[in-house]
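# A structural walkthrough
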Amino acid sequence: MHIPASHANAVRLYGPEFAVDPAGTYRRIRAEHGPVAPALTEGDVPIWVVLGYREVHHVLSSPRIFGRDSRRWNLWDEIPDDWPMRPILSWIPAVIFFEGAEHTRRANAISDALEATDHTDLARICERTADQLINEFVTEGKADLIEQYANQIPIRVLARLYGLPESQVGGMATDLLATTTSDAGALDAFGRIMERMGQLIADHRGTSRSGLTARLVSHPAALSDEELGVDMYVMITLGQQPTADWIGNTLRLMLLDDDFSLTLQGGRSSVDRALNEVLWKDSPIQQMMGRWATQDCELGGQRIRKGDMLGIGVGAANADPQVQPDAFGNGSANRAHMSFACGEHSCPVGAPEIAEVIARTAIEVLLDRIPDVQLAVGEQRLNWKPTATMRGLEALPVVFTPVYAGVRR
């Protein structure tokens, strides 16, 4: 990979060292380069990382200058086929890569369908899902709350919102998690997911069913089966890992921080505070990849060439010293963080609220069922996934008093 002169002093935004202390890396980059800096993402691929809160807001709010169509990237000819980030950046005919009127048509259908979700029903689904998962390990007195709990809840809840038959929910969860790996079976898992999506759409065509899939199928935007299939896959994929990491990061905070005692005495208001503090300090989405300059321009004192890729530094923007102290304050009530983005390609209307219901309910049910849960290892043995884009734990081992047939022993 050719490193341009503009990136001679670029900092790597991936790997174990970055994962341990991304905030420290952002501070060093900001001190050396300012709010926009040359950086290297996985595979030492050069990008521009946008660190400043105001600059992030400007980029996300200026789609005519910083577009979402990845086919603009001026480095595609140099990107190897096995580059780890190729699958998430290669253009597909999904809502996330469209711009202008076509993006608006499809994004509005998604937002309308999500916004109509009944949160009481959603909470009930979350509670049932959480109870089912806890039942699988509650008698053991120990668990990995990432693999056995946080990673499982969002996909299972979303599958049920889609109206997937109960008998297929477990298989969908297994296949979706498999697609996030580089294993040989990932492609087969993706194929099975798309088959289920196609069957769901077919089952809802011309019926009076209710639910998320029904609202999408019957929306005035008149999305085709092909459009619905790929967009529903994107929705469930983007809803899965960030929500799972939000749950995991919040549980970590509550287990480690004396201000968030993970007991029933902590009260449910402490869960809301912890959830919002995580969005500021350990946002599940650290960088949004990407935006591509539609023209030569200047941003944050850097000269950006047409076709350059920008990484949106969500974690860095939330920690921007120009806004973070006032925005964060003493409590976490302020929600001006960038964790759900802004502008044309922000999270669909209704999506953040659904994610919050899932995350909050998952934690509250855990508090109710095993209030004495505590870490099984020291903080230094909790490892962050070494990725540039997400902030989440590889594992969260805990111990607690086993429960047998509803009786603690």
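Our subject in this report is the structure included herewith. (Residues numbered from 1 in each chain as written. Predicted model: local features only at pLDDT ≥ 70, side-chain atom pairs only at ≥ 80, totals over all residues. Heavy atoms only, no water.)

### Here we look at the nonpolar core
Ranked by internal contacts, the top residues of the largest apolar core, which has 81 residues, are Leu145, Tyr149 and Leu396. With near-sequence residues (within four places) excluded, Leu145 lies in contact with Phe137, Ala150, Leu251, Leu366, Val373, Leu396 and Val398. Tyr53, Val314, Val323 and Cys342 belong to the second-largest nonpolar core, a separate cluster that totals 23 residues. (Core = buried A, V, L, I, M, F, W, Y, C linked by side-chain atoms within 4.5 Å. Buried < 20%, exposed > 50% of the residue type's maximum accessible area, 1.4 Å probe, protein only. Contact = heavy atoms within 4.5 Å.)

### Some words on the packing of aromatic side chains
Summed over the entire model, instances satisfying the criterion amount to eight aromatic pairs. Where Phe190 meets Tyr233, the ring centres are 5.0 Å apart and the plane angle is 80 degrees; that geometry is what we call edge-to-face. With a gap of 43 residues between them, Phe190 in helix α10 (residues 186-204) and Tyr233 in helix α12 (residues 225-256) connect regions that are remote in the sequence. Tyr233 sits in the buried class, given a relative accessible area of 15%. Here a set of aromatic residues connected by ring pairs shows up, and it is made of Trp73, Trp76 and Trp83. Looking at Arg71, its charged tip hangs above the ring of Trp91, at a distance of 3.8 Å from the centre. The ring of Trp384 carries the charged tip of Arg391 above its face, separated from the ring centre by 3.5 Å. (Phe/Tyr/Trp six-rings, centres within 6.5 Å; stacked < 30°, edge-to-face > 60°. Helix = DSSP H or I, 4+ residues; strand = E, 2+ residues; numbered from the N terminus. Lys NZ or Arg CZ within 6 Å of the ring centre and 35° of its normal.)

### A closer look at the sheet that holds strand β5 (residues 142-144)
Spatially, three strands are ordered β5-β11-β10 in an open sheet, and the strand pairing comes out antiparallel. Each having just a single partner strand, β5 and β10 (374-375) make up the two edges of the open sheet. (Pairing = 2+ DSSP bridges.)

### Some points on the side chain of Arg196
Note on placement: Arg196 falls in helix α10. With a relative accessible area of 16%, Arg196 lands in the buried category.

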